[in-house]
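Notes for the structure review
So you can see what is in the structure, the chains are spelled out below.
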Amino acid sequence: MELLTAIQRREAAAGAPILPGDEVRLVGELPASLADYNADALRETVFIVRYVSDDDTIDIQPHWTDDYFIETVPVTAVKLTHNQ
């Protein structure tokens with residue numbers, strides 16, 4: 001995963017505010033795809049950005065797990081907490 005992240009970071013658009021490997025937290029209204037989860041717990045969770053798409057969405061995964069829980073959310077639904 002670290003090798004893929006490094007490659008994606010190098011290939012990212014210049015000046016991109018969020019890159020694969022960055023840590024983010026969810027903010028604002030949660031996407032419908034996360035409606036079945038506890039909103040307060042989701043906002044406290046640190047996520048790792050796994051992929052940044054050209055359509056202003058990102059794929060995120062909880063930092064604390066190696067599970068396959070990966071969600072696609074709008075970039076506006078997250079706040080950067082730490083750059084890789």
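The preceding data block contains the structure.
The structure reproduced in this document is the subject of the present report. Remember, it's a predicted structure, so these values are computed and weren't measured experimentally.

In spatial order, the strands read E4-E3-E2-E1-E5; together these 5 strands make up an open sheet with antiparallel pairing. Sheet topology places strand E4 (71-74) and strand E5 (78-82) at the edges, where each strand pairs with a single neighbour. Pairs of neighbouring strands in the sheet enclose a mean axial angle of 50°, with direction left out of account. Direction of pairing for strand E1 (residues 23-26) relative to strand E2 (residues 47-52): antiparallel, over a ladder of 2 bridges. From the neighbouring strand, Glu23 faces E2, where its bridge partner is Ile48.

Quick look at the pairing of strand E3 (residues 57-62) now. Taking burial as the measure, the 6 residues of E3 include 6 buried ones, the bulk of the element. Residues Thr57, Asp59 and Gln61 of E3 are buried on one face, and the alternating residues Ile58, Ile60 and Pro62, pointing to the opposite face, are buried as well. Note: E2 against E3, 5 bridges, orientation antiparallel. Across the sheet, the residue bridging to Phe47 is Pro62, located in E3. Relative to E4, E3 is paired through 4 bridges, and the arrangement is antiparallel. Paired with Ile58 across the bridge in E4 is Val73.

Rules of the game
Here the residue index of a chain counts from 1 through its sequence in written order. It should be noted that, the model being predicted, local features are given only for residues of pLDDT at least 70 and side-chain atom pairs only at 80 or more, the latter also being counted only at that level, while totals for whole chains, interfaces and linings use all residues. Side-chain descriptors were evaluated using all non-hydrogen atoms of the structure, hydrogens and water having been removed beforehand. When DSSP finds at least two bridges between two strands, those strands are taken to pair. Helix and strand assignments follow DSSP, with helices taken as H or I runs no shorter than four residues and strands as E runs no shorter than two, numbered in order from the N terminus. Here, axes are lines fitted to C-alpha atoms. For helices the fit covers the stretch in contact, and angles between N-to-C directions go from 0 to 180 degrees. For every residue, the accessible area obtained with a 1.4 Å probe (protein chains only) is divided by the maximum for its type, and the residue is called buried under 20%, exposed over 50%, and partly exposed between those limits.

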